[in-house]
Amino acid sequence: FIIPKLKSGVNVISERFDLSTKAYQIHGRQRPDLKPLLESVNRNIITKKPDLTIFLDADVSASMERMRKQGRELDRIELENIDFHKRVYAGYIRELKKIKHIKVNTGGLRGESVEQTIDRVCNEVLKIVKKFFKL
């Protein structure tokens, strides 16, 4: 899907990419034995990397509380325990050090207010995307 779109001149926006796989499967699930397999797949199958990575940064406990307040049904990943989510977060932070990225604070970090509005976060992301594409 991605390669044909890129070849036709379309910009592709993805919610997740290989960074998420590393964070959840290797770090969250504590499976460092899978790292060589994932690296091989990335080298041999994934021929394009994102030009821009935006990390929506939030305190793990604040994020979980936010999900609970939404009142929607949580999926199997969201239902994992807090230690799993802390490992995922730590994995993201570790992996982000290896790539160019921009962090957007979505709230709850360093004891600040948990409530950041969706509009504020969306506007911040939109500003970053517009600057990147020189719009």
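Residues numbered from 1 in each chain as written. Predicted model: local features only at pLDDT ≥ 70, side-chain atom pairs only at ≥ 80, totals over all residues. Heavy atoms only, no water.

Novice: Can you lay out the nonpolar core for me, pointing to particular residues and giving the numbers?
Specialist: Taken as a class, soluble globular proteins show a tendency for nonpolar side chains to be buried jointly. Core analysis: the largest hydrophobic core is formed by nine residues, namely Leu19, Ala23, Tyr24, Phe55, Ile77, Phe84, Val88, Tyr92 and Leu96. Only α2 (18-28) and α5 (82-96) provide two or more residues apiece to this core. Looking at this core, the element that brings in the most residues is α5, giving four residues. If we skip the residues at most four places from it in the chain, Tyr92 touches Arg16, Leu19, Ser20, Ala23, Tyr24 and Phe55. (Core = buried A, V, L, I, M, F, W, Y, C linked by side-chain atoms within 4.5 Å. Buried < 20%, exposed > 50% of the residue type's maximum accessible area, 1.4 Å probe, protein only. Helix = DSSP H or I, 4+ residues; strand = E, 2+ residues; numbered from the N terminus. Contact = heavy atoms within 4.5 Å.)

Novice: Give me the side chain of Lys22: which residues, what numbers.
Specialist: Relative to the helices and strands, Lys22 is located in helix α2. Filtering out sequence-adjacent residues up to four positions away, Lys22 remains in contact with His27, Leu38, Asn42 and Glu95.

Novice: Any details on the side chain of Asn42? Residues and values, ideally.
Specialist: Structurally, Asn42 can be placed in helix α3 (residues 35-44). A polar contact is formed between the side chain of Asn42 and the side chain of Asp18, at a distance of 3.1 Å. Ignoring anything within four residues of it in the chain, the contact list for Asn42 reads Asp18, Lys22 and Lys49. (Polar contact = N/O pair within 3.5 Å; in protein donor to acceptor, adjacent residues only side chain to side chain.)

Novice: If you had to explain the packing of α2 against α3 to someone new, which residues and values would you point to?
Specialist: The contact between α2 and α3 brings their axes to 11 Å, and the two run at 170°. Here α2 lies roughly antiparallel to α3, going by the angle between them. Here α2 contributes Asp18, Thr21, Lys22 and Ile26 to the contact with α3, which in turn contributes Lys35, Leu38 and Asn42. Of the residues contributing to the contact of α2 with α3, the split by class is two nonpolar, two polar and three charged. (Axes fitted to C-alpha atoms, helices over the stretch in contact; angles between N-to-C directions. Parallel < 35°, antiparallel > 145°, perpendicular 65-115°, else oblique. Nonpolar A, V, L, I, M, F, W, Y, C, P; charged D, E, K, R; others polar.)

Novice: Give a detailed account of the environment of Pro32, specifying residues and quantitative values.
Specialist: By the secondary structure assignment, Pro32 is in the loop between α2 and α3. For Pro32, a relative accessible area of 58% puts it in the exposed group. Separated by ten residues in the primary sequence, Pro32 and Lys22 place their C-alpha atoms 9.3 Å from one another.

Novice: For the pattern of salt bridges, give the residues involved together with the corresponding values.
Specialist: Oppositely charged side chains can form a pair if their charged atoms are brought close together. Counted according to the given criterion, the structure contains six salt bridges. For Asp33, the salt bridge is made with Arg31, and the minimal N-O distance between the two is 2.7 Å. As a salt-bridge pair, Glu95 and Lys98 come within 3.3 Å of each other at their nearest N and O atoms. Accessibility expressed as a relative area gives 3% for Glu95, which makes it buried. On the accessibility criterion, Lys98 (51% relative accessible area) is exposed. (Salt bridge = Lys/Arg side-chain N within 4 Å of Asp/Glu carboxyl O.)

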